[in-house]
Amino acid sequence: MTFTKVKQERLADAITRQLESLILEGVLRPGDRLPPERELSQELDVSRPSLREALQKLETAGLVETRHGGGTFIKNAFASVLSDPLTDLFERHPEAALDFVEFRMTLDGTVAYYAALRSTEEDRAILTQRFRAIEASHAGDDPARDAERDAEFHLAIAEASHNVVLLHVMRSLLELLRKGVIFNRNVLYGQQGARELLLEQHRLIYENIMKRDAEAARAAAQAHMRHVDKVLRKERVTEARADVARRRLARYAADVPELDGGAQTRS
């Protein structure tokens, strides 16, 4: 049997590796502020010079940033890699929003499937909190708040999947939604009965994950995104028809000037 020599790991490298794991696993999230250097070195039981060296490595890697007088923060490194090209794409091609929803249909189904199989008791407690937050928001009348609680719920499902790639991809896509790059999420809440339907869709996803019924959780998540797709396609058709009508009116007004005057008078 051949053995490999055990190499003693430098303390700074061990610190770096631990913090990298916490970032990768989503325990440390983008925007989180690390404890002050003195407090963090005590918590890790390491020297402050070794901690500074580790933080410098992380900053060079683009995982943290030090703000003058403000501390050290986790950067949104994964999301920026995934979302920056997509931001440009969607801004130039708004019609690609439907492709986004089609991709989410597959992604959300997979995430819910693994969450049902792998979620720990702690994950399930978080999911319950997130779903209760959706219910509480529903009791009010604020579509923007509904949309935020929606995003938090889907992110909690991604965390419960215990797949770091799925987690960071989902986080980057939800960030695009928050920025309004893809579409105005309030469109989903604008129709009569829409909020009640969305609440029930989220309830079905939640309940199937809690029952650990992976296939049913996947089906519920995909059905939810199919509904989103249907609403967006309807909105796209409505906008296209309105655009055609406006262009026709402009053409008629050019051919019959008094029509334009009459339209202006009536408006």
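What you see is a predicted model; the values in this text were computed from it and never measured.

Draft legend 1. The arrangement of the overall build of the protein chain in detail. Counting its regular elements, the protein chain contains 11 helices and 2 strands. Scanning the protein chain from its N terminus toward the C terminus, one meets helices and strands in the order α-α-α-β-β-α-α-α-α-α-α-α-α. Put simply, the protein chain has 267 residues, and 38% of those count as buried. In the protein chain, the proportion of contacts linking residues at least 24 apart, taken out of those at least 6 apart, comes to 73%. Summed over its atoms, the accessible surface of the protein chain is roughly 15800 Å², and 52% of this surface lies on carbon and sulfur atoms.

Draft legend 2. Representation of the nonpolar core. In terms of nonpolar packing, the biggest core is built from 45 residues, with Leu107, Val111, Leu127, Phe153, Ile157, Ile205 and Ile209 touching the most fellow members. For this core, the element with the highest residue contribution is helix H5 (residues 97-118), accounting for 9 residues.

Draft legend 3. Inspection of the confidence of the model for the protein chain at higher detail. Taken over all residues, the pLDDT of the protein chain has a mean of 82, while the share at 70 or more is 78%. Across the protein chain, the element-wise mean pLDDT spans from 53 in helix H11 (residues 257-266) up to 96 in helix H6 (residues 121-138). Throughout residues 263-267 the model reports pLDDT below 50, and contacts reaching past four residues in sequence, or to other chains, amount to 0 contacts.

Draft legend 4. The side chain of His202, seen in detail. Inspection of the secondary structure puts His202 in helix H9 (residues 194-210). Ignoring anything within four residues of it in the chain, the contact list for His202 reads Phe131, Ile134, Asp150, Phe153, His154 and His224.

Draft legend 5. The arrangement of unusual backbone geometry in detail. You will see that His162, though not glycine, has its phi angle at about 55 degrees, which is positive. Note that His162 resides in the loop between helix H7 (143-160) and helix H8 (164-178). A relative accessible area of 46% places His162 in the partly exposed class. The phi dihedral of Arg212 is positive, around 60 degrees, even though this residue is not glycine. Mapped onto the fold, Arg212 is located in the loop between H9 and helix H10 (214-255). For Arg212, a relative accessible area of 35% corresponds to the partly exposed category.

Draft legend 6. Structural view of the environment of Lys57. Inspection of the secondary structure puts Lys57 in helix H3 (residues 48-60). Exposure remark for Lys57: the relative accessible area of 33% places this residue in the partly exposed category. For Lys57 and Asp13, which are 44 residues apart along the polypeptide, the C-alpha to C-alpha distance reads 8.7 Å. Dropping the residues within four chain positions of it, Lys57 is found in contact with Arg10, Asp13 and Thr16.

What counts and how
- Residues numbered from 1 in each chain as written.
- Predicted model: local features only at pLDDT ≥ 70, side-chain atom pairs only at ≥ 80, totals over all residues.
- Heavy atoms only, no water.
- Helix = DSSP H or I, 4+ residues; strand = E, 2+ residues; numbered from the N terminus.
- Buried < 20%, exposed > 50% of the residue type's maximum accessible area, 1.4 Å probe, protein only.
- Contact = heavy atoms within 4.5 Å.
- Areas by Shrake-Rupley, 256 points an atom, 1.4 Å probe, with all protein chains shown as cover.
- Core = buried A, V, L, I, M, F, W, Y, C linked by side-chain atoms within 4.5 Å.
- pLDDT = per-residue confidence, 0-100.

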